[in-house]
Amino acid sequence: MDPQEMTEESEDSSYQCDICKMSFSNQETLTVHECIHSDGKEYHCDVCGESFSENDSLISHKYIHTGEKGYRCDVCGKSFSSRGNLANHKRTHTGEKPYDCDICGKSFSQKCNLTSHKHIHLGEKPYQCDTCGKSFVQKIQLTSHKYSHTGEHPYQCDICGRSFSRKSHLACHEYIHTGERPHHCDICGKSFSQSSTLATHKLLHTHEKTHHCDICGKSFFQKSGLIYHKSVHAGVKPYNCDFCGKSFPQMRGLTYHMSIHTGEKPYECDICGKSFSQKSGLADHKSIHTGDKPYQCHICGEFFTHRSSLNSHKYIHSGEMPYHCDICGKAFIHLGNLTTHKYIHTNEKPYLCDVCGKLFSQKTGLTTHKYTHTGEKRFECEICGRLFSQNNKLKYHKNIHSGEKPYHCDICGKSFSQSGNLSKHIHIHTGEKPYGCDICGKAFSQIGSLTMHKRIHTGEKPYHCDICGKYFSQTCNLASHKCIHTGEKPYSCEICGKSFSQSGGA
């Protein structure tokens, strides 16, 4: 019985408790109340024998055995096994949070959440694992943690059969099937399936990063981002691939890596049918269809489709390169670029072309290579109509029209339209030739030069003329050859004006 339904002083409250003097409006309510003092539990479950002081509590309890959910939400239709769970659920619709923390003022929709929250202020972790000794603020956290020792996943989705260690994780998962997004941002109106995702989203509006690294001071929107970042400092990589032995600091990194071996792509775009190995990859892809670019740089105003792209872009303004190679010391803006760079030292090429069997150190390299088989060029320049197989090549091409050269050499001041060209240019000053041929040992300043050189050893000629069928080892040779068929002579002598089909004068 809710104490709010009881009234201590009322003219109509003629039924009084002899022990605590609390008054009630009828004998039935007084009888239920007296069970609190006497520990009287006169309602017994005939299935398991558990006893209750109220008949309503017994009725709710029996739903555990029958699986019945007798309490239905009149807003969304969702059903619950107890009246209390229904009351808590309804607060997701009303936004009601009646329980306030008297220390910081934060409000909660459930009393148990307030109780757990107060442990944060007290520094108290009352729930301890008897296997490893780790302590937790909430009992449910301890229960979930114990499943890491047992491997148990007791909560199963009755639609797809997937199992979870926490009931809340199952509830969030079920939104995938129903499409329900009950949590709405009151600033921009965007909806989310999880309250935690909404809370993280709101930080984009406030630009607040509440989780700080105590080693380097870097801040993050999410606690998970901070935990992952700290693993970079610690060098801890506890998740190992059973196929190749590669280690990862996070489980999600291993899960993504495993898709390389299995080829599994469970996330499919409902617009074009393209499949992805990660849910985030599908979300990123869909922005191509919608054209949505919600992330804006507050320095230059440029918009981005992904928050990660915005974060990387900001390093251009700050000049920061936070990821360092522990072998040669070279620094990078992106962690992905560092990972790819390390393949130079290890000679690892994990990406395989399923058409010709060629291996690549980068996934983007494999994607670009596959266009040589399909001939597909999806990205068109809106100024001249030229087509490109990659969006970044189109972006670089547009600099020709605009004349923009945003990448500057800090040694001689020369400017370039592409960051890759600047990197190649710097090798002129340093004399560095980091790319060595593993057959003859010859070194090159550019990886493209090494790739072309290797074709001398392999005899590979991947570029063919679609008119006469002749094959070439380099695209530039194919382009020059095609001038024979078209009669085009693009190279002119600046002295006499004579034109030639090739720059060498042939």
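Only a predicted model underlies this, so the values are computations on that prediction, with no experimental measurement involved.

Draft legend 1. Structural context of the overall build of the protein. Counting secondary structure elements, the protein contains 17 helices and 36 strands. In terms of overall size, the protein is more extended than a compact globule, its C-alpha atoms giving a radius of gyration of 33 Å where 506 residues would be expected to give roughly 23 Å. In terms of overall dimensions, the protein has a C-alpha envelope of 120 × 45 × 45 Å along the principal axes. For the protein, the proportion of its 506 residues judged to be buried stands at 23%. Restricting the contact set of the protein to residue pairs at least 6 apart, pairs at least 24 apart contribute 6%. Of note, the protein has its 61 positive side-chain charges centred 16 Å away from the centre of its 51 negative side-chain charges.

Draft legend 2. Up close: the environment of Ser-389. Mapped onto the elements of the fold, Ser-389 is located in the loop between β28 (387-388) and α14 (391-402). Residues Ser-389 and Lys-370 lie 19 residues apart in sequence; the distance between their C-alpha atoms is 9.7 Å. For Ser-389, the residues in contact, after removing those within four places along its chain, are Thr-368, Tyr-371, Glu-376, Lys-377 and Phe-379.

Draft legend 3. Structural context of helix α16 (residues 447-458). Helix length check: α16, at twelve residues, gives a terminal C-alpha distance of 17 Å against a target of 16 Å (1.5 Å per residue), a fit within 8%. Looking at α16, one finds that the buried residues are Leu-450, His-453 and Arg-455. Buried residues along α16 sit against β31 (435-436), β32 (443-444) and β33 (463-464). Residue Gly-459 follows α16 closely and has a positive phi angle near 75°.

Draft legend 4. Molecular detail of the environment of Cys-483. You can see Cys-483 is positioned in helix α17 (residues 475-486). Considering only alpha carbons, one finds Cys-483 and Ser-501, 18 residues apart in sequence, at a separation of 5.7 Å. The residues contacting Cys-483, other than those within four sequence positions of it, are Glu-488, Pro-490 and Ser-501.

Draft legend 5. Structural detail: the side chain of His-285. Relative to the helices and strands, His-285 is located in helix α10 (residues 279-290). Among residues more than four places away in sequence, those in contact with His-285 are Cys-269, Cys-272, Lys-274 and Phe-276.

Draft legend 6. Quick look at the pattern of salt bridges. Counted by the stated rule, this structure contains seven salt bridges. Its salt-bridge partner being Lys-90, residue Asp-74 comes within 3.8 Å of it at the nearest N-O pair. With a gap of 16 residues between them, Asp-74 in the loop between β5 (71-72) and β6 (79-80) and Lys-90 in helix α3 (residues 83-94) connect regions that are remote in the sequence. For the salt bridge of Lys-358 with Glu-460, the shortest nitrogen-to-oxygen distance reads 4.0 Å. With a gap of 102 residues between them, Lys-358 in the loop between β25 (351-352) and β26 (359-360) and Glu-460 in the loop between α16 and β33 connect regions that are remote in the sequence. By relative accessible area, which is 24% here, Lys-358 ends up partly exposed.

Draft legend 7. Spotlight on the environment of Asp-292. Examined against the element boundaries, Asp-292 turns out to sit in the loop between α10 and β21 (295-296). Separated by twelve residues in sequence, Asp-292 and Phe-304 place their C-alpha atoms 8.4 Å apart. Those residues in contact with Asp-292 that lie beyond four places of it in its chain are Ser-287 and Thr-305.

Draft legend 8. Region of interest: the confidence of the model for the protein. Mean pLDDT for the protein: 79, with 95% of residues reaching 70 or above. When pLDDT is averaged over each helix and strand of the protein, the minimum, 70, is found for helix α1 (residues 27-38) and the maximum, 87, for strand β7 (residues 99-100).

Draft legend 9. Up close: the side chain of Arg-91. Counting through the fold element by element, Arg-91 comes out in helix α3. This buried residue, Arg-91, is left without a salt bridge; Glu-96 holds the nearest opposite charge, at 4.1 Å. Separated by 3.0 Å, the side chains of Arg-91 and Asn-88 make a polar contact.

Draft legend 10. Spotlight on α17. Under the 1.5 Å per step criterion, the end-to-end length of α17 is 17 Å for twelve residues, consistent within 8% with the ideal 16 Å. Downstream of α17 by a residue or two, Gly-487 has a phi angle that is positive, lying close to 80°.

Draft legend 11. Examining the state of the cysteines more closely. Applying the stated rule across the entire model yields zero disulfides. Free cysteine Cys-73: the closest other cysteine sulfur is in Cys-76, separated by 3.8 Å. The closest cysteine sulfur to the non-disulfide-bonded Cys-213 is located on Cys-216, 3.8 Å from its own sulfur. Classification of Cys-213 as buried rests on a relative accessible area of 3%.

What counts and how
Residues numbered from 1 in each chain as written. Predicted model: local features only at pLDDT ≥ 70, side-chain atom pairs only at ≥ 80, totals over all residues. Heavy atoms only, no water. Helix = DSSP H or I, 4+ residues; strand = E, 2+ residues; numbered from the N terminus. Rg over C-alpha atoms; globule rule 2.2 N^0.38 Å. Buried < 20%, exposed > 50% of the residue type's maximum accessible area, 1.4 Å probe, protein only. Contact = heavy atoms within 4.5 Å. Lys, Arg positive; Asp, Glu negative; His and termini not counted. Charge placed at Lys NZ, Arg CZ, Asp CG, Glu CD. Expected span 1.5 Å × (residues − 1). Salt bridge = Lys/Arg side-chain N within 4 Å of Asp/Glu carboxyl O. pLDDT = per-residue confidence, 0-100. Polar contact = N/O pair within 3.5 Å; in protein donor to acceptor, adjacent residues only side chain to side chain. Disulfide = S-S within 2.5 Å.

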